[in-house]
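# Fold and geometry: a report
So you can see what is in the structure, the chains are spelled out below.
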Amino acid sequence: MARPMARVSKQASVRPSTTTPHPIRVTAAERRVLKLILRGCSNGVIASHLMLSRRTVEGHVSALLQKTGCHSRTQLVLWALGEG
């Protein structure tokens with residue numbers, strides 16, 4: 001997993017590139033999970049790396065999907081790369 005990591009904004013809000021006119025609030029925990037998703041990590045690997053339960057990681061991923069309007073991890077990655 002030596003892929004280059006895309007930059008994820010350190011700001012609390014990110015302006016989506018979709019039709020939502022308001023910034024999306026991404027928590028620090030969600031941002032950490034998103035960075036590892038961008039590296040291609042599975043929920044289990046993310047949980048181990050961040051010392052969280054797999055269920056907590058699933059909750060963060062679900063929150064990110066809901067906030068961004070994405071329907072898959074692939075869409076979430078594309079959204080994050082577009083925001084970087």
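Since we're looking at a predicted model, the values are computed, not measured.

As a further point, take the overall build of the protein. Assigned secondary structure in the protein consists of four helices and two strands. In the protein, the order of α-helices and β-strands from amino to carboxyl end is β-β-α-α-α-α. The buried share among the 84 residues of the protein stands at 36%. Relative to all contacts within the protein whose residues are 6 or more apart in sequence, the contacts with residues 24 or more apart total 52%. As displayed, the protein offers around 5,300 Å² of accessible surface, 55% of which is attributable to carbon and sulfur atoms.

Okay, the nonpolar core next. Counting 18 residues, the largest nonpolar core has L34, I46, L76 and W79 as the members making the most contacts within it. Per-element accounting of this core gives the leading share, five residues, to helix 1 (residues 28-38).

Moving on, we get to the packing of helix 1 against helix 3 (residues 54-68). For the pair helix 1 and helix 3, the least separation of the axes is 9 Å and the interaxial angle reads 90°. With respect to helix 3, the element helix 1 is oriented roughly perpendicular. Listed contacts from helix 3 to A29, E30, V33, L34 and I37 of helix 1 are V57, H60, V61, A63, L64 and K67. A breakdown of the residues in the contact of helix 1 with helix 3 according to their chemical character gives eight nonpolar, one polar and two charged.

Closest axis-to-axis distance for the helix 1/helix 2 (residues 43-50) pair is 10 Å, and the angle between their directions is 130°. The angle between helix 1 and helix 2 falls in the class oblique. Note that helix 1 runs across helix 2; the crossing there is right-handed. Residues R32, V33, L36 and I37 of helix 1 lie in contact with helix 2, whose contacting residues are I46, H49 and L50. Considering only residue class, the contact of helix 1 with helix 2 consists of five nonpolar, one polar and one charged.

Bringing the environment of T27 into the picture now. You can see T27 is positioned in the loop between strand 2 (24-25) and helix 1. Residue T27 is classed as partly exposed on the basis of its relative accessible area, which comes to 38%. With 33 residues separating them in the primary sequence, T27 and H60 have C-alpha atoms 9.1 Å apart.

If you walk through the whole model with that rule in mind, you get two salt bridges. The salt bridge partner of K67 is E30, with a shortest N-O separation of 2.7 Å. Here K67, found in helix 3, pairs with E30, found in helix 1; they are 37 residues apart in sequence, far enough to count as distant. Given a relative accessible area of 33%, K67 falls into the partly exposed group. Between R55 and E58 there is a salt bridge, and its shortest N-O distance comes to 3.4 Å. Taken together, the positions of R55 and E58, both in helix 3 and three residues apart, correspond to about one turn of that helix. The class of R55 is exposed, set by a relative accessible area of 58%.

Conventions and cut-offs
- Residues take numbers from 1 onward in each chain, read along the sequence in its written order.
- Local features are withheld for residues below a pLDDT of 70 in this predicted model, meaning they are given only at 70 or higher, and side-chain atom pairs are given and counted only at 80 or more; totals for whole chains, interfaces and linings count all residues.
- Hydrogens and water molecules were not included; the side-chain quantities draw on all heavy atoms of the structure.
- Secondary structure elements follow DSSP: runs of H or I of four or more residues count as helices, runs of E of two or more count as strands, with numbering from the N terminus.
- Burial status follows relative accessibility: with a 1.4 Å probe on protein chains alone, a residue under 20% of its type maximum counts as buried, one over 50% as exposed, and anything between as partly exposed.
- The criterion used for residue contact is that any of the two residues' heavy atoms lie within 4.5 Å.
- In this description, accessible areas are obtained by the Shrake-Rupley approach with a 1.4 Å probe, and a residue is regarded as covered only by the protein chains that are shown.
- The set of buried Ala, Val, Leu, Ile, Met, Phe, Trp, Tyr and Cys residues whose side-chain atoms join them within 4.5 Å is what this entry labels a nonpolar core.
- Axis definition: a line fit to C-alpha positions, over the contact stretch in the case of helices; interaxial angles, taken between N-to-C directions, run 0 to 180 degrees.
- Should an angle fall under 35 degrees it is called roughly parallel, over 145 degrees roughly antiparallel, and 65 to 115 degrees roughly perpendicular, with every other angle called oblique.
- As a working rule, the residues Ala, Val, Leu, Ile, Met, Phe, Trp, Tyr, Cys and Pro are called nonpolar, Asp, Glu, Lys and Arg charged, and the rest polar, with Gly in that last group.
- Note on convention: near helix rotated counterclockwise from far helix by under a right angle means a left-handed crossing. Clockwise means right-handed.
- For this analysis, a salt bridge means a side-chain nitrogen from Lys or Arg found within 4 Å of a carboxyl oxygen belonging to Asp or Glu.

Interpretation note: all reported values are geometric properties and have no functional meaning in isolation.
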